[in-house]
Structures are given as structure tokens and as C-alpha cells.
Amino acid sequence: MFCCFNFLAALCWDTMKAENTLPSNRKSGQKTIKISGTSKPENMLHNMFELWPDGFMLLSSDGRIRHCNESLARITGYDKTVLQTMRAGDLFTKEMSDAVLNSLWKQECRGADIRFGCLCTHKDNIRIPVELTATVIEQQNTRLVCVFVRDTAYEQKFKEENEKLKKQYNHSHAMETIGHLAGGISHYFNNVFTGIIGNLNLAEISTGDAFLPLIKKASTGAERARDFTRQLLSLSRKCDIVLEPIDMQELIADVETFARLTFDCRIKITVDIHEPLHNVLADAPSLHHVLLNMCVNARDAIEEKRLFHPDITEPSITIKANNVSLTDAYVSDHPEARKGEYVRISVADTGYGIDNDTIQHIFDPFFSTKEEGKGTGLGLSTAYETVSQHGGWIEVESEYGKGTIFTVFLPVTALKKKTDSMIKAGDLPKGSETVLFVDDEEMVRTFGVMTLERLGYTVFDASDGQEGLDIFIKESNNIDLIILDLILPVYSGAELLKKIRCIDNNVRVIITSGQEFEQNKRIFNELGALDYIIKPFNIHDLAFSVRNTLDRA
């Protein structure tokens, strides 16, 4: 390092005697170093010195800046010509500069460089963290101080960005792990719900009228639990959205119920709906998650305010919904809005509110104002993306200290919501063919066998791939249809069907799975299946899928 200092100082000293600066282009206020075409080592090193990313300066014994490079000008904001009329104390405080120079002049320090961190005063009077490396050299009987100035603010920013990316990566990895866990949980729950819903359906068509309302309530509860499983999957991005006409009033009622059961009972929750809401073409679990996330954020804002104002009166969350027709006038004042008919849902709280700077970033991925460990920074960005997928948008109003209102706009649809009615045995299609039902979940098999036998079919059932293969080899001439779960012990559903195809390539197949069709579309096509039933399914789904598949030409 000392040799480098010495050589650069010599070059700079020679340059100072000839001309104070290298040629520069001042067009548009930009300085451009002109690289000399000469191949002399001195000129090449001099050019390198000017282009060096760290600042460099030579100080006389009284602290005057005798020479510097363009990087020092960039770091400090001063022009080189101005810097060369200044003292080191103008940039690093006179007291610190004098102390360093005095230390360097000591005989024991000569020839050795010292390194320390300090603050440099920018032209705009901003204090910039820098690292200085300095040494004393002698050139032509003159003692100089040679100093490198490194801007550590950029390094600190790079380090912070690196840490931020590392946290984002770790979080993404955690979400992926959660996704795999949720996938396994959903597979188990979907099998359980198929058994529960299916057996309730069987009870519904077998029992007297007095028990039908009770069975219907149990079926509704099981279906809500099924939807909750889909919400779990949507959190980890393992579930495709399924669009269907949704009654937003029912969905809001479900969110209200969940909030009342789980939020602090001191928070007043109000639902304000004064008219029947239009239907929305949407994925119910996804929208449920959006509205619930906004309610959770509202609760957190209220609880944060209560930490500093424990005597806060009537903390409240208000969910309001109505039908709106947006005009050109509204659209012109709201950049994301579009003219048309919408259902508008707002979630208002009496929390602290959000300042204007924060509002600009609240929908950014990984942005969170919550303390570490209490927020992922994904809730609102996910909500924004989900609402956008549904053709809508989210607006935010907030007054710091008074509260926040999140408003969701969703386009209405003319499609009608399917209404559930009591299942009657006479409404289900019947048959006399032979079916092989393969599933490793006992409840699902029991439901499947009982349903199909009740409808007139002959049914063989198997609990794993090997058992299914053995039955098919024995009864291949009699079996008209196979209902096959994709995840099985011994042989998977795909492996079993490939073996069966070697025996009878024309056998009709229905695939059942807890995953949405798009996730298994490739397998479905490769195996030549004729229908796909998503678990959990009910007696209606099973009966019509079997009949339609058998009746296909």
C-alpha cells in the first residue's frame, strides 16, 4: 500500500507542477476523463488514478488539499477546482483533521498507513459516512499526506439490501414449505370431507323428513370446512381460483362471524348493508381471505393505537357494502377505476391511520409496518393481486390518527348462484354396469360403494394399487368403468392405470383428486381419462359423472 501511495503521490506532484487537472468536458455539467492514447505506464496509471472509484487527495503539512481525483469530487459534491482551494478540515472537521495530521507527523507513524471511519461533510451540508486510509510520504524533500476516501454509505446500503433479499428468500422458502405442508393437509382433509359429505348425502336420501333439516345443517358445516381448506391452500398459492357466481352478502356474513369469534370482544364489529347485493363472479375462498386480511389489519391498527392510548373508547371495525354504478366522472378522479356496475365493500377502522408515504408502498410485496415476527408483508400485496384477478381494484383512504378505510370494487355478474336443494334419490341417474372403485381412504370407499350400489351398479373396491390391479386382472371382462384416486399406496393411480391399459386399453376411467384440474391436466390427458372429480365431492357429483362417462360414445 505504501509503495502505491508513494508512486501515485509522485505522479500527482509532477502533474500539479504541469497543470492542475486533467482535460475535462463540461457539457451538460458532466465531467469526462479523457484517456490518453499513449502507452506510457505513467500515463496509464495516472488515468487509472483519476478513474479510481474511491476518493483520493494529497494534503500539504498544513492540511491544504493539493490534489484530488474525480471520485472525491463525486463523493463530496464539490468541483475539483474548488476542492483544491479547501482544507481537509472543511470536509472532516478541523479538530479531527488536526489530530490525524499530528499523529501522522510522528516519526513512528511515518511509512505506515492508518485507517479509521468518520463523517464527511457534503456540499449540501449532508454528513456522509466514509472510511479514510492515510499515510505520510516524502517527495522531493516535501512531506505530504496521501489519503484514500471510501464512501461507506453505498456499502452499507448494499449490505442492507442484501440482508433484505436474504430475508425475502428465507420467507419465500418458508412459504414454499408451508405450501407443501398445506398440500398434504388438504389431501387428508379432502378425503375426510368426501366421506363426511357423502355419507350425509346418503343419510339425506334415506331418512325421514323430520331429520332432513339437521342433516342439511351438518352438510353445510362440512362444506364450509371444505372451503376453509381451500382458503388454507390459497394462502400458500397451491390452489387455482375457481370462478362462480358468489352471493357477497353470505361471504361477508362468514367473515363477520369469523372476526367476532377470534377478535378481542372489546372491538365493536358492525356490518352495514341496506340492499340486496348483486352477485360477483369470483373464487369464494380467495375473496374470503382478502376481506378477512383487511379485518385483521384493522384489528392490528386498533390494538397498536390502544398500546399508547389504553383509554380509547369504542374501538370499532365497520364492514359496509352496496351496489354502485361508476360513471365517467368517478373514473376520471380514480386512475384504477373503470366505468360499470360494481359491488363496493369497505372495511373501516378507528386505528392510528396511515401516513401518505406509507400508503405509497402498502401494496408492495414484503412491505410491512409491523414489527418483526408480526407480519409477512404479503397480506395486502396478495389481496391486491387477488382482487385484480377478479377484474377489480382496491382504494385506500386514511387520516393519520383517525383511522383507515380499505375499499374493494368487484364487477357484478348476471349469472345466478346455484341454490342447494334437498337431494332426492329419484333425481339421481341409475345404472346396471360394473364399476371398480379404487381409493385408499376407507370413508371415501364406503361412500362410493354404497352410493353406486344404491343406484343399481355392481361395485368392486380396492384400497391400493396392487389390490386394484389384482381385481382388474380377475374381472377385466366384466368391469365397465374405473374410478381411480391418483394418490395410492403400492402403485400410484397413474402407475396402476398404465398397467391396466396394457390389459384393456379401452376401459373407461374417472380420476378423483384433491387438486384442481389444471394441476393434473397433463396426467389426465396422458392417461386418457374421461372425467375428473375434485375432492371433496358429493353424491350428486359422483352419480352424474359415472352416468355421463358410461354413456359417452
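Please refer to the structure higher up on the page.
Residues numbered from 1 in each chain as written. Predicted model: local features only at pLDDT ≥ 70, side-chain atom pairs only at ≥ 80, totals over all residues. Heavy atoms only, no water.

Caption draft 1: Highlighting the sheet that holds strand S11 (residues 393-399). Sheet architecture is open: five strands sit in the order S7-S9-S10-S12-S11, paired in mixed fashion. The open sheet is flanked by strand S7 (268-272) and S11, the only strands paired with a single partner. Averaged over all pairs of adjacent strands, the angle between strand axes in this sheet comes to 15°, irrespective of strand direction. Packed onto the sheet, helix H9 (residues 248-262) meets S7, strand S9 (316-326), strand S10 (340-349) and strand S12 (403-411) and runs at close to 175° relative to S7. (Pairing = 2+ DSSP bridges. Helix = DSSP H or I, 4+ residues; strand = E, 2+ residues; numbered from the N terminus. Axes fitted to C-alpha atoms, helices over the stretch in contact; angles between N-to-C directions. Contact = heavy atoms within 4.5 Å.)

Caption draft 2: The pairing of strand S15 (residues 481-485), seen in detail. Counting buried residues along S15, five of its five residues qualify, which places the element largely inside the surrounding structure. Here S15 shows two buried faces, one formed by Leu481, Ile483 and Asp485 and the other by Ile482 and Leu484. As judged from the four bridges shared by strand S13 (residues 434-438) and S15, these two strands associate in the parallel manner. Counterpart to Val435 in the pairing with S15 is Leu481. With five bridges connecting them, S15 and strand S16 (residues 508-513) associate as parallel partners. Note that in S16 the partner of Ile482 across the bridge is Val509. Crossover connection from S15 via helix H16 (residues 493-503) to parallel S16: handedness right-handed. (Buried < 20%, exposed > 50% of the residue type's maximum accessible area, 1.4 Å probe, protein only. Right-handed = clockwise from strand over helix to strand, strands pointing away.)

Caption draft 3: Summary view of the packing of helix H14 (residues 442-454) against helix H18 (residues 539-551). It is the contact of H14 with H18, at a shortest axis distance of 11 Å, that shows an interaxial angle of 60°. On the basis of the axis angle, H14 is oblique to H18. In this structure, H14 meets H18 at a crossing whose hand is right-handed. Note on element contacts: H18 touches H14 through Ile539, Leu542 and Val546, opposite Phe447, Gly448, Thr451 and Leu452. When the residues that make up the contact of H14 with H18 are grouped by side-chain class, the tally is five nonpolar, two polar and no charged. (Parallel < 35°, antiparallel > 145°, perpendicular 65-115°, else oblique. Left-handed = near helix turned anticlockwise from the far one by under 90°. Nonpolar A, V, L, I, M, F, W, Y, C, P; charged D, E, K, R; others polar.)

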